[in-house]
Amino acid sequence: MIDPQLLRENPDIVRRSQQARRADAQLVDAAIEADRQRREAIAAFESLRAEQNAHGKQVAAAPKEQKAALVAQAQQLAADVKAAQAAATEAEARFAEVAGGIPNVIIDGVPEGGEDDFVTLREVGTKPTFDFEPRDHLALGELLDAIDMERGVKVSGSRFYFLKGVGARLELALMTYALDTALDAGFTPLITPTLVKPEVMSGTGFLGAHADEIYYLPNDELYLTGTSEVALAGYHADEIIDVSSGPLRYAGWSTCYRREAGSYGKDTRGIIRVHQFQKLEMFSYIDPAEAEAEHERLLAMQEGMLQSLGLAYRVIDTAAGDLGSSAARKFDVEAWVPTQGAYRELTSTSNCTTFQARRLGVRFRGEGGKTAPVATLNGTLATTRWLVALLETHQRADGSVVVPAPLRPYLRGLEVLEPVG
RNA sequence: GGAGACGUCGCAUAGUCCGGUCGAGUGCACCACCCUGCUAAGGUGGAGACCCCGUUUAGGGGUCCGAGGGUUCAAAUCCCUCCGUCUCCGCCA
């Protein structure tokens, strides 16, 4: 939910944001009008209610013989109050619907346009070169007996897989390494629920345009989350939290579920795009004044992870039109995938400013003890997809794969993954 | 799954039987001041969230007793539905 005050006082900022996103700018005027009608309806109801309250006191205080007359007098008033209240409720709902359709206002500097209009901020590391024909991650996974696609499909259908042996161990090693990295940075680990209520799902902004990406269990009215961000954002919903001594930082470990509707034919080979994977997600609740600095910190942690694992990558500043509805800015870190000759997204970090917190009712006490929505930020620290870049980058001619040094302690010292059979 | 109890402004509770004096009392915790020489105690006062009007002031108004409906001039209080918590029983990882 955008800030109604910003909408009222600086509509041009919101309009410009809509234009940068290639979204409907007229929605802004519709929202302003809905807000005006809402306040008008509230004022009408409240003055009637004040009258009714005053009258009620008279009735209570009146001697018995006068009560009947006073009560009769109040009947019309009661009907008016009821009607005015219904009108106010309706006007509020209408405003919420219109204003709720406006995505977060982008931060100055975010590139305008759609998916292809991102700006590359930097390229880091050396792309690996091979004096042999490199195998793709699935070929390697099969050689190592680490990935079993066929049986995944047999058991659960397309885009499902088994991680087996060193594959399973490698994923756990990566996740645990990421968790320790977060721990060292002061994050509190959370293993989160992966089924959440509708209000949490919509509060985090995932039930908008991409609702068909999400698994839903109608019998239980629960959604399967595509990221632990959902549970992490809902964690402090409707709370006033204390961020005066620093942000609240969480590292959420969860399985993630995505329907991948509309991605037929994309990335059908291997585990690049799957229905189920593991992810370690960072999440910060922070004073909005410090949000952009926190965003840089999360990005630095992500880059540190890729660097320590010997992966070449680039950082992109996602264009406005490609942002989720809650994000005001998003950086993606994309790793070089040798057999694709392309950079592929390994992490993403979004600054949701106060947009998500306003919808979820997460507040803090600012100056003078006034409550105000906090800012929320999220960012990936590791996912199953990283295995793709790790296997392909560190492969050798014989199909073995060198384990990057930081992961070795998590694999009982294993330095090389060797082909099986 | 069955039975019962309960859900009140940070925490703990009073109030609900019998609707209006509840504009929600009290204790603890919190903040300010006063008093007091010692790991404190006592006194006085203050303090909630959300929304609307008002120049981001002063101030005024409204809403909030788990959620949503209903009855009524008037609901924490009466009625209905839902959600949650606890206890016991049953069943089962």
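Being a predicted model, the structure only gives us computed values, none of them experimental. (Residues numbered from 1 in each chain as written. Chains lettered and ligands numbered in written order. Predicted model: local features only at pLDDT ≥ 70, side-chain atom pairs only at ≥ 80, totals over all residues. Heavy atoms only, no water.)

Colleague: Before we move on, could you go through the protein's contact with RNA strand B and cite the residues and values that matter?
Modeller: The full set close to RNA strand B counts 23 residues, and Arg38, Arg39, Glu46, Gln75 and Thr371 are the nearest of them. Between RNA strand B and the protein, one listed contact pairs a phosphate oxygen with a side-chain N or O atom of Thr371 at 2.4 Å. Of all the secondary-structure elements, those providing two or more residues to the surface near RNA strand B are helix 3 (26-61), helix 4 (64-100) and strand 14 (363-365). Sorting elements by how many residues they give to the surface near RNA strand B places helix 3 first, with 13 residues. For the surface near RNA strand B, a count of residues per class yields nine nonpolar, five polar and nine charged. (Near = heavy atom within 4 Å. Polar contact = N/O pair within 3.5 Å; in protein donor to acceptor, adjacent residues only side chain to side chain. Helix = DSSP H or I, 4+ residues; strand = E, 2+ residues; numbered from the N terminus. Nonpolar A, V, L, I, M, F, W, Y, C, P; charged D, E, K, R; others polar.)

Colleague: Please provide a residue-by-residue account of the nonpolar core, values included.
Modeller: Core analysis: the largest hydrophobic core is formed by 58 residues, its most contacted members being Leu174 and Leu407. The greatest single-element share of this core, amounting to nine residues, is contributed by helix 7 (residues 166-184). When sequence neighbours within four positions are dropped, the list of residues in contact with Leu174 reads Met305, Leu309, Ala382, Thr383, Trp386, Leu387, Leu390 and Leu407. (Core = buried A, V, L, I, M, F, W, Y, C linked by side-chain atoms within 4.5 Å. Buried < 20%, exposed > 50% of the residue type's maximum accessible area, 1.4 Å probe, protein only. Contact = heavy atoms within 4.5 Å.)

Colleague: Lay out the pattern of salt bridges in plain terms, naming residues and giving numbers.
Modeller: Per the counting criterion, the structure on display carries 23 salt bridges. The partner of Asp35 in a salt bridge is Arg39, and the shortest N-O contact between them spans 3.4 Å. Of the two residues, Asp35 and Arg39 both sit in helix 3, four residues apart, roughly one turn of that helix. According to the relative accessible area criterion, Asp35 is buried, its value standing at 2%. (Salt bridge = Lys/Arg side-chain N within 4 Å of Asp/Glu carboxyl O.)

Colleague: So, the packing of helix 7 against helix 12 (residues 386-393): which residues are in play, and what are the values?
Modeller: Close contact between helix 7 and helix 12 brings their axes to 11 Å; oriented N to C, the two are set at 110°. Judged by the angle between their axes, helix 7 and helix 12 are roughly perpendicular. In terms of crossing hand, the pair formed by helix 7 and helix 12 is right-handed. Mapping the contact onto sequence places Gly167, Leu170, Glu171 and Leu174 in helix 7 and Trp386, Leu387, Leu390 and Leu391 in helix 12. Class assignment of the residues belonging to the contact of helix 7 with helix 12 gives a composition of six nonpolar, one polar and one charged. (Axes fitted to C-alpha atoms, helices over the stretch in contact; angles between N-to-C directions. Parallel < 35°, antiparallel > 145°, perpendicular 65-115°, else oblique. Left-handed = near helix turned anticlockwise from the far one by under 90°.)

Colleague: Can you explain helix 10 (residues 291-308)? Please cite residues and give values.
Modeller: The first and last C-alpha atoms of helix 10 sit 26 Å apart over 18 residues, in line with the 26 Å expected at 1.5 Å per residue. Within the sequence span of helix 10, burial applies to Ala291, Glu294, His295, Leu298, Leu299, Met301, Gln302, Glu303, Met305 and Leu306. Remark: Gly310 follows helix 10 within two positions and exhibits a positive phi of approximately 70°. (Expected span 1.5 Å × (residues − 1).)

Colleague: Give a detailed account of the pairing of strand 13 (residues 342-351), specifying residues and quantitative values.
Modeller: The buried fraction of strand 13 is high, at eight of ten residues. One ladder, built from nine bridges, connects strand 12 (residues 329-337) with strand 13; its direction is antiparallel. Its bridge partner being in strand 13, Lys330 is matched across the sheet by Ser350. What sits between strand 12 and strand 13 in their antiparallel hairpin is a turn of four residues, with Gly341 showing a positive phi close to 60°. (Pairing = 2+ DSSP bridges.)

Colleague: I'd like a description of the side chain of Asp332, backed by residues and values.
Modeller: Here Asp332 lies in strand 12. Judged by relative accessible area, which is 5%, Asp332 ranks as buried. With near-sequence residues (within four places) excluded, Asp332 lies in contact with Arg314, Val315, Ile316, Thr318, Glu345, Thr347 and Ser348.

Colleague: Would you mind going over the domain arrangement of chain A in detail, with residue names and values included?
Modeller: You can read the domains of chain A as domain 1 (4-99) and domain 2 (115-417). Computed from C-alpha atoms alone, the centre-to-centre distance between domain 1 and domain 2 is 43 Å. (Domains from an automatic or database assignment.)

Colleague: How would you explain the sheet that holds strand 4 (residues 188-191) if you had to name every residue and give the values?
Modeller: Overall, mixed pairing links the eight strands, which are arranged 1-11-12-13-16-10-9-4 in an open sheet. Edge positions in the sheet fall to strand 1 (119-124) and strand 4, since each of these pairs with one other strand and no more. Here the average twist between neighbouring strands, direction ignored, is 25°. As paired strands, strand 10 (residues 276-286) and strand 16 (residues 375-383) are joined by eight bridges and run antiparallel to one another. Bridging across to strand 16, Met282 finds its partner in Gly379.

Colleague: Please provide a residue-by-residue account of helix 12, values included.
Modeller: Among the eight residues that make up helix 12, eight are buried, leaving the element largely enclosed by the rest of the structure. Every buried residue of helix 12 is listed here: Trp386, Leu387, Val388, Ala389, Leu390, Leu391, Glu392 and Thr393.

Colleague: Tell me what's going on with the environment of Leu309, and back it up with residues and numbers.
Modeller: With respect to the secondary-structure elements, Leu309 resides in the loop between helix 10 and strand 11 (313-317). Non-local contacts of Leu309, meaning those with residues more than four positions away in its chain, are made with Leu174, Tyr177, Trp386, Leu390, His394, Pro404, Pro406 and Leu407.

Colleague: Quick one: what's the story with the sheet that holds strand 6 (residues 216-217), residue by residue and with numbers?
Modeller: In space, the three strands of this open sheet follow the order 5-7-6, with antiparallel pairing throughout. In the strand order of this sheet, the two ends are held by strand 5 (195-196) and strand 6, each with one partner. Relative to strand 7 (residues 222-224), strand 5 runs antiparallel, the two being bridged by two bridges. Residue pairing across strands places Leu195 opposite Leu224, the latter belonging to strand 7.

Colleague: Please set out the environment of Asp242 residue by residue, giving values where relevant.
Modeller: Relative to the elements of secondary structure, Asp242 occurs in the loop between strand 8 (240-241) and strand 9 (248-257). Here Asp242 falls in the exposed class, since its relative accessible area comes to 51%. Considering only alpha carbons, one finds Asp242 and Pro218, 24 residues apart in sequence, at a separation of 36 Å. For Asp242, the side chain forms a polar contact with the side chain of Ser244, separated by 2.5 Å.

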